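Residue strings, one per chain:
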Amino acid sequence: MRRVTLSEPIAIAELRTLAPGRFRDFVKGVIDLRRGILLLDADMHADQEASLLAEGSDQRDLWGINLYPGMDGPDWLEFDSLINLRPSFGNRSRGIDDEATREAVAALVQSLVRR
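Colleague: What am I meant to see in the overall build of the chain here?
Modeller: Summing up its helical and strand segments, the chain has three helices and seven strands in all. The order of helices and strands in the chain, counted from the N terminus, is β-β-α-β-β-α-β-β-α-β. Against the 2.2 N^0.38 benchmark of 13 Å for 115 residues, the chain shows a C-alpha radius of gyration of 13 Å, consistent with a compact globule. Across its three principal directions, the C-alpha atoms of the chain cover 35 × 30 × 25 Å. Looking at the chain residue by residue over its 115 residues, the buried ones come to 43%. Across the chain, every contact between residues at least 6 apart in sequence was considered, and the portion connecting residues at least 24 apart equals 53%. As displayed, the chain offers around 6000 Å² of accessible surface, 50% of which is attributable to carbon and sulfur atoms. Charge separation in the chain, taken as the distance between the mean sites of 15 positive and 19 negative side-chain charges, equals 2 Å.

Quick look at the structure:
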């Protein structure tokens, strides 16, 4: 897994090299909104989630995403993961239901990935 933080961002060129390894055109990621961490490149979002939880992340702060480095515009970021399905936290889909949370995730991804 590749760990991305504000002090250690990832360039879009490096992200493009990760995509062909597992899923051809996208890279799975889990973002911790509170801690400003993005874990990339695992077979399952659940593996990244487990790693962040073991480090002390709070479940409420973790969101699964997919990044499509070959795409431009808003479609390059997809909010779709089974780990997002958390009715007890008010999220009833694989996406991110709350618009403010989606915007916060997108803003953090934008600051962590150098395009």
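Picking up after the structure, the text goes on.
Colleague: Hey, could you run me through unusual backbone geometry in this one?
Modeller: Working note: non-glycine residues mostly have negative phi, and peptide bonds are mostly trans. For Arg24, which is not glycine, the phi torsion reads 75° and is therefore positive. Its location among the elements puts Arg24 in the loop between helix H1 (12-22) and strand S3 (27-32). In this structure, Asp41 takes a positive phi of about 65° despite not being glycine. Structurally, Asp41 is set in the loop between strand S4 (37-40) and helix H2 (45-54).

Scoring rules and cut-offs
Residues numbered from 1 in each chain as written. Predicted model: local features only at pLDDT ≥ 70, side-chain atom pairs only at ≥ 80, totals over all residues. Heavy atoms only, no water. Helix = DSSP H or I, 4+ residues; strand = E, 2+ residues; numbered from the N terminus. Rg over C-alpha atoms; globule rule 2.2 N^0.38 Å. Buried < 20%, exposed > 50% of the residue type's maximum accessible area, 1.4 Å probe, protein only. Contact = heavy atoms within 4.5 Å. Areas by Shrake-Rupley, 256 points an atom, 1.4 Å probe, with all protein chains shown as cover. Lys, Arg positive; Asp, Glu negative; His and termini not counted. Charge placed at Lys NZ, Arg CZ, Asp CG, Glu CD.

Any link to function would need more than the numbers given here.
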